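Examination of the molecular architecture
Single-letter residue listing:
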Amino acid sequence: MSFTTKDYPISIQEVFRAKESVYRFLKPTKLNYYQNLSKLIGAEIYIKHENHNPGGSFKIRGGINVMHHLKKGGVNGVITFSTGNHGISVATAAKWFGMDAVVVVPKGNNSAKNQAIIDTGAKLVEEGNNFEEAAEVVERLSQKRGLYYIHAANEPHLINGVGTEFLEIIADLPDVDAVILPIGAGSELAAAITVLKKINPKIEIIAVQAEASQAAYLSWREKMIQSSENKTFAGGFATGSAYELPFSIYKDQLDDFVTLNEDEIKKGIALALKHTHNLAEGAGSAPIMAALKLKDRLKDKKVVLQMSGANIDEKILKEVIQSI
């Protein structure tokens, strides 16, 4: 494709501009205070309910902003790879903008997320054994079919669109002390840093990831992009490598990082159900467990936990419910 957004700036100014396209389709999500979680963690706990967005995750914000710019650039068809939420957002936004979409997912991907993609009218391709192999398929198909390749992380308009959620947090809670959010490919973390650190550098930004898929954590720790095993059940975390564009933003500006084992991630899902009455996927509930592990550090602070997505696998949900 001749059109490209790769050199477009990522900045708080562009996030403010993205509000116009994002709010054509979305309303700000709720930032709710939870008394029982606050008592459990020993801090003033708020949850940003990105799980209430169309498609069930924060990703739709980026999908809308990308599609807005692509449509202006004359692009009529897009392709991407995903384990679910990014693919749902691209497929949904493409439908809203009257564009064709192809989404490549790994074999054995979350069936509920696959169906959500199909329901938009997008074409679903199941190929590759993991996130990275699905990406290789996209690189081949994008050239063959003449589709614009929307990368899951290395896309400036995507990050700027996602940044609108953090403008909402500041508007609702200007004196927030810390924000904890999950990381897979890293677009949400990059957006958080772009907005929050510009407004108030003292706000602590803490990432959480699965021990079974900890490429982003290892990359942050070593200050260079790393790959790792990718074995977590939680699709929002399921990446085997860090990605260049978001990593360039979070490598030196992230305040801390927490990793969770698979049982801890499932416990987080149970805590979300018990204390918020919300259905959250593994990555979406992980900030609750991260906050528990950091409770001494967070004592008496105002803390926002990002509930980033709701698209949980049915088998995992049944397992979690049986454990409560």
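Residues numbered from 1 in each chain as written. Predicted model: local features only at pLDDT ≥ 70, side-chain atom pairs only at ≥ 80, totals over all residues. Heavy atoms only, no water.

By the naming in an unreviewed UniProt entry, the protein goes by Threonine dehydratase and is assigned to Orenia metallireducens.

Observations concerning the sheet that holds strand E8 (residues 204-210)
Inclusion rule: Strands were regarded as paired on the criterion that DSSP finds at least two bridges between them. The secondary structure listing takes helices from DSSP runs of H or I that are at least 4 residues long and strands from runs of E that are at least 2 residues long, numbered from the N terminus. Helix axes are fitted only over the stretch in contact, all axes being lines through C-alpha atoms; the angle between N-to-C directions runs from 0 to 180 degrees.
Pairing within the open sheet is mixed, and its six strands lie in the order E1-E2-E10-E7-E8-E9. Two strands lie at the open edges of the sheet, namely strand E1 (31-33) and strand E9 (256-260), each paired on one side alone. Direction aside, neighbouring strands of the sheet carry axes that sit 25 degrees apart on average. In this structure, E8 lies alongside E9, joined through five bridges in parallel fashion. The partner of Ala207 across the bridge, within E9, is Phe257.

Thoughts on the nonpolar core
Selection criterion: Put simply, a nonpolar core is a bunch of buried Ala, Val, Leu, Ile, Met, Phe, Trp, Tyr and Cys residues held in one set by side-chain atoms that sit within 4.5 Å of each other. Buried residues are those whose accessible area, probed at 1.4 Å on protein chains only, stays under 20% of the maximum for their type, while exposed residues exceed 50% and partly exposed ones sit between those limits. An automatic or database domain assignment is the source of the domain bounds shown. Throughout, a contact is declared for two residues whenever any of their heavy atoms are within 4.5 Å.
By size, the foremost hydrophobic cluster in this structure holds 62 residues, and its most contacted members are Met67, Leu70, Val78, Phe166, Leu189, Leu196 and Tyr250. A per-element tally of this core places helix H9 (residues 187-199) first, with seven residues. In this structure, this core is formed jointly by two domains, domain 1 (12-57 + 155-323) and domain 2 (59-149), each of which donates at least three residues. Sequence-distant contacts of Tyr250, defined by excluding residues within four places in its chain, comprise Ile183, Leu189, Ile193, Ala216, Trp220 and Ala242.

Some remarks on the pairing of strand E7 (residues 178-182)
Each regular strand shows side chains that alternate between the opposite faces of the sheet. The element E7 is largely enclosed, with a buried count of five among its five residues. Because side chains alternate across E7, one face comprises the buried residues Ala178, Ile180 and Pro182, and the other comprises Val179 and Leu181, equally buried. Relative to E8, E7 runs parallel, the two sharing five bridges. When the bridges of E8 are listed, Leu181 appears paired with Ala207. Examined bridge by bridge, E7 and strand E10 (residues 302-307) share three bridges and lie parallel to one another. By the bridge assignment, Ile180 is partnered in E10 with Leu305.

Brief notes about the pattern of salt bridges
What counts, and what does not: Salt bridge, as applied in this entry: a Lys or Arg side-chain nitrogen positioned within 4 Å of an Asp or Glu carboxyl oxygen.
Scanning all chains against the criterion turns up 15 salt bridges. For Asp175, the salt bridge goes to Lys302, with nearest N and O atoms at 2.5 Å. Pair noted here: Asp175 is in the loop between helix H8 (164-172) and E7 and Lys302 is in strand E10, with a separation of 127 residues, a long-range link. Residue class for Asp175 comes out partly exposed when judged on its relative accessible area of 42%. When salt bridges with common partners are traced through the structure, they connect Lys48, Glu50, Arg61 and Glu168 into a single cluster.

So, the UniProt feature "domain: Tryptophan synthase beta chain-like PALP" (unreviewed entry) in the protein
Where we set the bar: UniProt positions are given in the numbering used here, feature names are shortened, and annotations may be inferred rather than shown by experiment.
Per the UniProt entry, the sites bearing "domain: Tryptophan synthase beta chain-like PALP" (unreviewed entry) are residues 26-309 in this numbering. Between the end C-alpha atoms of residues 26-309 there is a gap of 16 Å, over a span that is 46% helix and 17% strand.

Here we look at the pairing of E9
Of all five residues in E9, five are buried, a share of seventy percent or more. Residue alternation in E9 divides its side chains into two sets, Asp256, Val258 and Leu260 and Phe257 and Thr259, and both sets are buried.

Considering the domain arrangement of the protein
The condition is simple: A 1.4 Å probe defines the accessible area here, and the buried area is the portion of it lost by two parts on being joined, summed over both.
Domain assignment breaks the protein into domain 1 (12-57 + 155-323) and domain 2 (59-149). The C-alpha centroid of domain 2 is placed 22 Å from the C-alpha centroid of domain 1. Every contact between the two is made by 37 residues of domain 1 and, on the other side, 23 residues of domain 2. Carbon and sulfur atoms supply 56% of the area that domain 1 and domain 2 bury against each other, a total of about 2,300 Å² over both sides. Among the residues of domain 1 in contact with domain 2, Phe25, Ser57 and His157 are the three that bury the most area, contributing 22% of the side total.

Thoughts on unusual backbone geometry
With phi around 60 degrees, Lys223 is a residue other than glycine that occupies positive phi space. Mapping Lys223 onto the fold places it in the loop between helix H10 (215-222) and helix H11 (244-250). Lys223 sits in the partly exposed class, given a relative accessible area of 41%.

With respect to the packing of helix H3 (residues 59-72) against helix H4 (residues 85-96)
The axes of two packed helices give the description: the angle between them and the distance between them. What counts is decided by this rule: Every angle not falling under 35 degrees, over 145, or within 65 to 115 is termed oblique; those three ranges are roughly parallel, roughly antiparallel and roughly perpendicular. For any helix crossing, the convention is left-handed if the near helix is rotated counterclockwise from the far helix by under a right angle, and right-handed if that rotation is clockwise. Three residue categories are used. Nonpolar comprises Ala, Val, Leu, Ile, Met, Phe, Trp, Tyr, Cys and Pro, charged comprises Asp, Glu, Lys and Arg, and polar comprises the others, including Gly.
Two elements in contact, H3 and H4, have axes whose closest approach is 8 Å; the angle formed by their N-to-C orientations is 40 degrees. By the angle between their axes, H3 is oblique relative to H4. Like other packed secondary-structure pairs, H3 and H4 cross with a definite hand, here right-handed. Contacts between H3 and H4 involve Lys59, Ile60, Gly63, Ile64 and Met67 from the first element and Asn85, His86, Ser89, Val90, Thr92, Ala93, Ala94 and Trp96 from the second. Taken together, the residues of the contact of H3 with H4 sort by class into seven nonpolar, five polar and one charged.

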